[in-house]
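Architecture and fold: a report
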Amino acid sequence: MKSALSGPSIGRASPVRFLRSIAIILVSVALSAIASPAFAQDTASGDHVRVRWLAPDTFAAGETTTIGFYFEVDPEWHVYWRNAGDSGAAPRFDTRSERATLGPIQWPFPVRLPIEHLTNLGYAGDVAYLFEVTPVADAGRVDLRADLEWLVCKIDCIPGFGSMTLDRPVAEYAQWDERDLALRERFLDRVPANAALSPWRAERLAELPAGGLQLTLRDTRGGEARPPAVFPLDGGLLAARAPQVEADGNRVHYRFDRVPGAPLPEATGFVVADGKRAWQFNRVPVGAPVPAAPPQALWLLVLAAFAGGVILNLMPCVFPVLSIKLFGLVNAGAGAPHRLREGLLYSAGVMVTFAALGALLLALRAGGAAIGWGFQLQSPTVVLGLILLFWLMALSFSGVLEFGHRLMDLAGSTRGGSFATGVLAVFVAAPCTGPFMGAALGAASVLPAVSAMAIFLGLGAGLAAPFLLLCASPALLKRLPGPGPWMDTLRQFLAFPLYLTVIWLLWVLGRLMGDSGWLIGSLLLVAVVFALWLGRRFTLFGPGTGRFAGYAIFAVATIVAFAALRAPQHATPELAGSEWQPYDRAAIEAARADNRPVFIDYTAAWCITCQVNKKLVLESETVMELFRTNDVLLVRADWTNHDPEITAALGELGRNSVPVYAWYTPGASEPELLPQILQERMITALFNNGGSLTQTKENDTP
Amino acid sequence: MNGKRIGGKTFGKALLSMFLAAPALALAVAVPGEKAPDFSEVDASGAKHSLADYKGEWLVIEWFNKDCPYVRKHYGSGNMQALQKKYTSEDIKWLTVISSARGKQGYLEPAAALEVAENHNLNASAPFVLDSDGSMGRAYGAKTTPHMFIINPEGEVVYAGAIDDNDSANPAVIPQSKNFVAAALDASMKGEGIEVASSRAYGCSVKY
């Protein structure tokens, strides 16, 4: 061909004419492919997909027959539902007929297909997309022409295109191949029926505080039916990821994530599937938003915060301040109205400070900064800083070191008004408020702003209440024990919990950094004590020299210790007992493919709940025996260090903190998540109950 | 989430859980109407890009994977390059990001990325931004290629989602499709409000 085009020796066949004749041939071939049934195909195929008709040999005159496109898909490859989910695409059918009227595509209900960080809605295996065909009056034959486009994915996706035609006679009866009829029945059963036929009623659809939507279904049978799977019709509104499911008597709440920024419509649709049948709820109106939090739960949290605030008064760094202030007021011989005014001023100081702290944290949160108490413990620097702080506090409580007393005296004796005392009380109390502030911080990072602020104010109200009460009531004031040696005893006693905290933090540091973590931490502690001793003991070369040396050693030790942390050290987390495997996605996928049950413990050394669950439940003899007899693959996903893969895996489960316990029943496509506070019976229930506590299995596609 | 209850909700438990709870973190993703997540990445030519660099400018961010059929739909047809050319000539900045991890489909070393930028006629404001650790992609919640984001001069996300309303892989549908990105940019340049600020991003999954 090339020589024909370029060789002048073949003179007459001019290149232009040659090209034109080729073009004419190509066009006529293309035209005949469209126009002539001789080129028609009754199947289509592409990579990993074969499509054929699911149709009768003859159509019945004047009757409606449901036929379909039958997709045979290679194992592990998927085609999609009408809402394909986070990625992928639904197949497209452009079907035309001159001698029949055609109905819209009917989509069998899908399953959730987790693909890496995404969730798709599609079919695990073969599927038939169905539609109705009614021959027009007096039609002797039915002819159909369909242009198809589909997408087939495993992880990578391959689009496919094809054209199919169908030409069948019309007779008295529809005549089916038995196997094809059975196949069509199987998929027709899975096409969602009208919502009116469903035992479930869509009772409510409401916006959640975080922006998602909560769908509430009610079981009209009133039985103990398993919650069905629910699939949103609108992928532009709701994320495909499995909703959080909460059973509540004969009601089930489904909490869906909203696609970021999607506007709230008046109504949206869902398909509800119980594993065998499905029902379509086309327009569920969006009602009033769900209140910020269940009121009772918030009320309890605020009450707990208040109680925590009251306890803060007994903290050794707060109590002396308040006592000094209180006795100052009494000794000044102030009248009851004056004392009440002082009490109110003090309360205002406390509340304003707490409100300011709360606002600061909410502002940080709004700015996109991720606030989390536990998360910070992934940084060795922060952990070492906390070790140092708690060590100094413990030494101070033991009386080795006078630390912060000057600040306390200032707060106690200030003439600058009780308001300032209130402000100072919060700051002086700060070292003691660690656990309380941690919880409040935690709440602030998950609750909506109003509720988070309520918790902060609850803490403040609790801190302010006793002082205010004493100011208001002289009778109570008289009953107060005077400051005395008992306060020192209390303070010294409170040093011991702090020493224990230091040990725990050292252990966390050890988990983060390996053996060197222990070593660096402990050496720093000894260096601090040595510096203190040096500062007090030696005044040989004049007053202050020892103290100077002490300061110097303290500073050098601290700098060296923190610098040592920066040296790249990474300890592989050791796994006690070989039965627990480290997190390995491939191994988990392989086990699930083999129909082996999988239990994943998402944990971290700094997570106390995780450690409690591990010791009391997961590693108890009964539970380990159960795991062993059922050949469960045990995986410990250790999040002590920041691990992007585990973070991603948690994200797929809709979580971003530990503990999370994920249980995969053999063959299940979705894990079941166990409660954060584990009990042994929850594990045993997994094996008595056919492997599942609540959620309907979604994987029983034919 | 599990439906089973663990005993009654008591005051004690609430107090206990306040101490034990490991607080969850809010997942930061790019949400229309909110501040855009920060990023700091290096492009194929070695230049650094961060959100702060684009303060005061309109910025389009596009996720790319050379082997994805949907990316090929928009590059093979010249649609994406035409958009890049049109809007970068209007002083809008455009970054095309590859978040494929090393060893995953679509991952490119800087030299190879420069070559692909050349033979794809990439008209973005910089050669491909290489986010092989996925940090930028995850911060933005980039799910698919092509996933598109538009950030206004105040640093707020004004659009997140698909490039257009047709999730077919067939380039022939492009002329009939409604291009959300072009519509949002055109409306913004005229000082009008954006009609569609969010859509389901279609395409291939980002290969983190």
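Residues numbered from 1 in each chain as written. Chains lettered and ligands numbered in written order. Predicted model: local features only at pLDDT ≥ 70, side-chain atom pairs only at ≥ 80, totals over all residues.

**Examining the overall build of chain B**
- Helix and strand counts for chain B come out as six helices and nine strands.
- Within chain B, counting contacts between residues at least 6 apart in sequence, those at least 24 apart form 74% of the total. (Helix = DSSP H or I, 4+ residues; strand = E, 2+ residues; numbered from the N terminus. Contact = placed C-beta atoms within 7 Å.)

**So, the overall build of chain A**
- In terms of helices and strands, chain A carries 21 helices and 25 strands.
- Here chain A holds 702 residues, and the buried ones make up 39% of them. (Buried ≥ 20, exposed ≤ 12 C-beta atoms within 10 Å, placed from the backbone.)

**Some details on the sheet that holds strand E18 (residues 251-256) of chain A**
Residues and elements named next belong to chain A.
- Overall, antiparallel pairing links the four strands, which are arranged E14-E15-E18-E17 in an open sheet. Edge strands, defined here as strands with exactly one partner in the open sheet, are strand E14 (200-207) and strand E17 (244-248). If you compare each strand with its neighbour and ignore which way they point, the axes differ by 20° on average.
- Bridge analysis of E17 against E18 gives five bridges, and the strand direction is antiparallel. By the bridge assignment, Val245 is partnered in E18 with Tyr254. (Pairing = 2+ DSSP bridges. Axes fitted to C-alpha atoms, helices over the stretch in contact; angles between N-to-C directions.)

**Comments concerning the confidence of the model for chain A**
Residue and element names in this part refer to chain A.
- With 73% of its residues at a pLDDT of 70 or more, chain A shows a mean pLDDT of 76.
- Overall, residues 1-14 carries pLDDT values under 50, and its contacts beyond four positions in sequence, including any with other chains, amount to six contacts.
- Confidence drops under a pLDDT of 50 for residues 28-39, and excluding neighbours within four residues, the segment shows four contacts in the predicted structure. (pLDDT = per-residue confidence, 0-100.)

**Digging into the sheet that holds strand E25 (residues 672-674) of chain A**
All names here are of chain A.
- Spatially, the five strands line up as an open sheet ordered E21-E23-E22-E24-E25, and their pairing is mixed. With one partner strand each, in any of the chains shown, strand E21 (580-582) and E25 form the two edges of the open sheet. For this sheet, the mean inter-axis angle between neighbouring strands, taken without regard to orientation, is 30°.
- Where strand E22 (residues 598-603) meets strand E24 (residues 660-664), five bridges bridge the pair, whose relative direction is antiparallel. Opposite Asp601, over in E24, you have Tyr661 as the bridge partner.

**Details of helix H6 (residues 180-189) of chain B**
All names here are of chain B.
- Turning to H6, its buried residues are Phe180, Val181, Ala184 and Leu185. With its buried residues spanning 125° around the axis, H6 presents them on a single face.
- In the core, the buried residues of H6 are packed alongside strand E3 (59-63), helix H3 (79-88), strand E7 (148-151) and strand E8 (157-161). (Arc of directions from axis to C-beta.)

**Digging into the pairing of E3 of chain B**
Residues and elements named next belong to chain B.
- Across the five residues of E3, five count as buried, placing the element largely inside the fold.
- Burial of the side chains of E3 extends over both faces: Leu59, Ile61 and Trp63 are buried on one face and Val60 and Glu62 on the other.
- Both E3 and strand E4 (residues 93-98) contribute to a ladder of five bridges, which runs parallel. Looking at the pairing, Trp63 lines up with Val97 of E4.
- With four bridges connecting them, E3 and E7 associate as antiparallel partners. In the sheet register, Glu62 faces E7, and the bridge partner there is Met148.

**So, the pairing of strand E10 (residues 127-135) of chain A**
All names here are of chain A.
- Where strand E4 (residues 65-73) meets E10, seven bridges bridge the pair, whose relative direction is antiparallel. Along E10, the bridge assignment pairs Thr65 with Val133.
- Looking at chain direction, strand E7 (residues 100-102) and E10 are connected through three bridges and run antiparallel. Bridging from a neighbouring strand, Ala100 pairs with Pro135 of E10.

**Focus: the nonpolar core**
- Of all hydrophobic cores here, the largest spans 128 residues; its most connected members are Leu215 and Val272 of chain A together with Phe149, Tyr159 and Val181 of chain B.
- It is strand E11 (residues 141-153) of chain A that contributes the most residues to this core, eight residues altogether.
- Per-domain counts for this core show at least three residues from each of domain 2 (43-191) and domain 3 (194-285) of chain A.
- Those residues within four positions of Tyr159 of chain B in sequence are excluded, and the remaining contacts are Pro32, Met148, Phe149, Ile150, Phe180, Val181, Ala184, Ile194 and Ala197 of chain B. (Core = buried A, V, L, I, M, F, W, Y, C linked by C-beta atoms within 7 Å. Domains from an automatic or database assignment.)

**Examining the packing of helix H19 (residues 621-629) of chain A against helix H21 (residues 680-688) of chain A**
Residues and elements named next belong to chain A.
- Look at H19 against H21: their axes get within 10 Å of each other, and the N-to-C directions meet at 20°. When the axis of H19 is compared with that of H21, the two are roughly parallel. Note on packing geometry: the crossing formed by H19 with H21 is left-handed. Residues Thr622, Val623 and Leu626 of H19 touch H21, and the partners they reach there are Glu680, Ile683, Thr684 and Phe687.
- For the contact of H19 with H21, the class distribution of residues is four nonpolar, two polar and one charged. (Parallel < 35°, antiparallel > 145°, perpendicular 65-115°, else oblique. Left-handed = near helix turned anticlockwise from the far one by under 90°. Nonpolar A, V, L, I, M, F, W, Y, C, P; charged D, E, K, R; others polar.)

**So, helix H20 (residues 644-652) of chain A**
Residue and element names in this part refer to chain A.
- Buried residues of H20: Ile646, Ala649 and Leu650, and no others. The buried residues of H20 occupy an angular sector of 100° when the element is viewed end-on, so they sit on one face.
- Of the surrounding elements, those touching the buried residues of H20 are E22, strand E23 (633-638) and E24.

**Section: the confidence of the model for chain B**
All names here are of chain B.
- The predicted model of chain B averages 84 in pLDDT, with 87% of residues at 70 or higher.
- Looking at the elements of chain B, mean pLDDT is at its lowest for helix H1 (residues 11-20), recorded as 38, and at its highest for E3, recorded as 96.
- As scored by the predictor, the complex reaches a pTM of 0.52 and an ipTM of 0.76.

**Structural notes on the environment of Gly460 of chain A**
- Inspection of the secondary structure assignment puts Gly460 of chain A in helix H12 (residues 449-472).
- Apart from the residues lying within four places of it in its own chain, the contact partners of Gly460 of chain A are Gly309, Val350, Met351 and Phe354 of chain A.

**A word on the environment of Glu115 of chain B**
- Among the secondary structure elements, Glu115 of chain B is positioned in helix H4 (residues 110-119).
- A residue is classified by how many C-beta atoms lie within 10 Å of it, and Glu115 of chain B, with 14 of them, is partly exposed.

**Here's the deal with unusual backbone geometry**
- Following Thr145 of chain B, the chain continues to Pro146 of chain B via a peptide bond in cis, the omega torsion being -5°.
- Along the chain, Pro146 of chain B turns up in the loop between strand E6 (144-145) and E7.
- Of note, the phi angle at Asp138 of chain A is positive, near 65°, even though the residue is not glycine.
- As for its position among the elements, Asp138 of chain A is in the loop between E10 and E11.
- Classification of Asp138 of chain A by C-beta neighbours within 10 Å gives exposed; the count is 9.
- Here the phi dihedral of Asp91 of chain B falls at roughly 70°; this positive angle occurs in a residue that is not glycine.
- Mapped onto the elements, Asp91 of chain B comes out in the loop between H3 and E4.

**Some remarks on the environment of Gly68 of chain A**
Residues and elements named next belong to chain A.
- Structurally, the position occupied by Gly68 is in strand E4.
- Along the sequence, Gly68 and Ala128 sit 60 residues apart, while their C-alpha atoms lie 5.8 Å from each other.
- Once residues within four sequence positions are removed from consideration, Gly68 is found in contact with Leu54, Ala128, Tyr129, Leu130, Phe131, Arg184 and Phe187.

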